[in-house]
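Structural overview for review
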Amino acid sequence: MNRTDFLRTLAGGALTAGALANHTFAGNSGTILVETAPFKQNPLPYDFAALEPSIDKMTMEIHYGKHHAAYVKNLNDAVKGTEFEKKSLEEIIKSAGKAPAAIRNNGGGHWNHTFFWEVMGPKKGNGPTGAVSDAINAQFGSLDKFKEEFGKAATTRFGSGWAWLVAKGGKLSVGSTPNQDNPLMDVSELKGTPILGLDVWEHAYYLHYQNKRPDYIKAFWDVVNWEKVAKNMKKA
Ligand code: FE
């Protein structure tokens, strides 16, 4: 962990010494794909309060410190002594259909949350620019139309799941996945490289928004890290 990440982690508070010990490297969703067990949580790239008022501090503390941490712990427990112990997270995700439910769910949970933290950031008041803006306009007509389609995918996902913007074959599309599945999984109906994702599990918004998932989705646009989205698209 570099000094900045360490300070950020400290500034975030709420983390136990055990969680700190896990923070041995600053990475991104690309690097965790090549990770093998024991899997670790990357440091949150900002303070727990950095996404307020869109996402409140306590939700972030619990979401990162309890929910995401539990996926990582449960994934490590589930792969122990199995053929999956030596596999990278990428291999696990891409062949999730062959994995026991605990590995599919917790492997997806680890990947999805790592990805999610990185596509958000403190509000800068800007939208997509350059290639991302062009691609969104080409595919959806306008940024507003894209937000409408993405919002629809996020609102209509029944129960727990994720909404995604994915790239496939040079085209963007929007959709959703149930539970902790994601578009990289062999079992996913929605396929492609995730460019942007939104957690629509109740644990992601219930403390602040209660049953008003559409309000949470609307507030999410204020904290999208479009630079990261652009990087994701470039790698797709
Ligand atoms: Fe979550």
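This text gives an overview of the structure that appears in the document. Since the model is a prediction, treat every value here as computed from it, not as a measurement.

The subject of this paragraph is the packing of helix α4 (residues 57-79) against helix α6 (residues 101-118). The contact between α4 and α6 brings their axes to 8 Å, and the two run at 140 degrees. Crossing handedness for the pair α4 and α6: left-handed. Mapping the contact onto sequence places M60, H63, Y64, H68, A70, Y71, V72, N74, L75, A78 and V79 in α4 and A102, I103, N105, N106, G107, G109, H110, H113, T114, F116 and W117 in α6. Split by residue class, the contact of α4 with α6 holds 12 nonpolar, 10 polar and no charged.

Attention now moves to the pattern of salt bridges. Enumeration according to the criterion identifies six salt bridges in this entry. With its nearest N and O atoms 2.8 Å apart, the salt bridge here joins R104 to D181. In this pair, R104 sits in helix α6 while D181 sits in the loop between β2 (171-178) and β3 (193-199), placing the two residues 77 residues apart along the sequence. Owing to a relative accessible area of 26%, R104 belongs among the partly exposed residues under this scheme. Residue class for D181 comes out buried when judged on its relative accessible area of 5%.

Spatially, three strands are ordered β2-β1-β3 in an open sheet, and the strand pairing comes out antiparallel. Across the chains shown, the open sheet's two edge strands, defined by having one partner strand only, are β2 and β3. Each strand axis lies, on average, 20 degrees off the axis of its neighbour in the sheet, ignoring direction. Where strand β1 (residues 161-168) and β2 come together, eight bridges link them in antiparallel fashion. Counterpart to A167 in the pairing with β2 is L172. Across the sheet, α6 lies against β1 and β3, angled at about 90 degrees from β3, the strand it touches most.

Inspection of the secondary structure puts G169 in the loop between β1 and β2. When the C-alpha positions of G169 and A236 are compared, they lie 9.0 Å apart, and in sequence the two are 67 residues distant.

The next subject is unusual backbone geometry. The amide bond that connects A37 to the next residue, P38, takes the cis arrangement and shows omega of 0 degrees. Topologically, P38 is positioned in the loop between α3 (29-33) and α4. Cis geometry marks the peptide bond from E52 to P53, where omega comes out at 5 degrees. Tracing the sequence through the fold places P53 in the loop between α3 and α4. Within the chain, N179 stands out as a residue other than glycine whose phi angle is a positive 55 degrees. Tracing the backbone shows N179 in the loop between β2 and β3. Assessed through its relative accessible area of 40%, N179 is described here as partly exposed.

Glancing now at the coordination of the iron ion. Here the iron ion is held by H63 (NE2), H113 (NE2), D199 (OD) and H203 (NE2), and the distances to it run 1.9 to 2.1 Å. Taken together, the four donor atoms coordinating the iron ion span angles of 89 to 137 degrees at the metal, a pattern that classifies the geometry as irregular. Here the donor residues of the iron ion share one chain and are spaced in sequence as H-x49-H-x85-D-x3-H. With H63 in helix α4 and H113 in helix α6, the pair connects residues that are 50 residues apart, well separated along the chain. Summarising the burial analysis for this pair, H63 and H113 share the class buried.

Time to look at the nonpolar core. One finds F146, F150, L196, L198, Y216 and F220 to be the most contacted residues of the largest nonpolar core, which totals 61 residues. If sequence neighbours within four positions are ignored, F220 has contacts with F116, M120, F150, L196, G197 and L198.

Turning our attention to a nonpolar patch on the surface. On the surface, M58, I62 and L207 cluster together into a nonpolar patch covering about 270 Å² of accessible area. With respect to the helices and strands, the residue L207 is situated in helix α9 (residues 206-209).

What follows concerns the packing of helix α7 (residues 130-140) against helix α8 (residues 143-156). It is at 8 Å that the axes of α7 and α8 come closest, and there the two elements cross at 70 degrees. By the criterion of interaxial angle, the relationship of α7 to α8 is roughly perpendicular. Facing I136, N137 and F140 of α7, the residues of α8 in contact are L143, K145, F146 and E149. Of the residues belonging to the contact of α7 with α8, the class tally is four nonpolar, one polar and two charged.

Here is what the cut-offs are and how they apply
- Residues numbered from 1 in each chain as written.
- Predicted model: local features only at pLDDT ≥ 70, side-chain atom pairs only at ≥ 80, totals over all residues.
- Heavy atoms only, no water.
- Axes fitted to C-alpha atoms, helices over the stretch in contact; angles between N-to-C directions.
- Helix = DSSP H or I, 4+ residues; strand = E, 2+ residues; numbered from the N terminus.
- Left-handed = near helix turned anticlockwise from the far one by under 90°.
- Contact = heavy atoms within 4.5 Å.
- Nonpolar A, V, L, I, M, F, W, Y, C, P; charged D, E, K, R; others polar.
- Salt bridge = Lys/Arg side-chain N within 4 Å of Asp/Glu carboxyl O.
- Buried < 20%, exposed > 50% of the residue type's maximum accessible area, 1.4 Å probe, protein only.
- Pairing = 2+ DSSP bridges.
- Donors = N, O, S within 2.8 Å, 3.2 Å for Na, K, Ca; no water.
- Tetrahedral: all angles 85-135°; square planar, octahedral: opposite > 155°, others 65-115°.
- Core = buried A, V, L, I, M, F, W, Y, C linked by side-chain atoms within 4.5 Å.
- Patch = residues over 30% accessible without salt bridge, like charges linked within 9 Å, V, L, I, M, F, W, Y side chains within 5 Å.
- Areas by Shrake-Rupley, 256 points an atom, 1.4 Å probe, with all protein chains shown as cover.
- Parallel < 35°, antiparallel > 145°, perpendicular 65-115°, else oblique.

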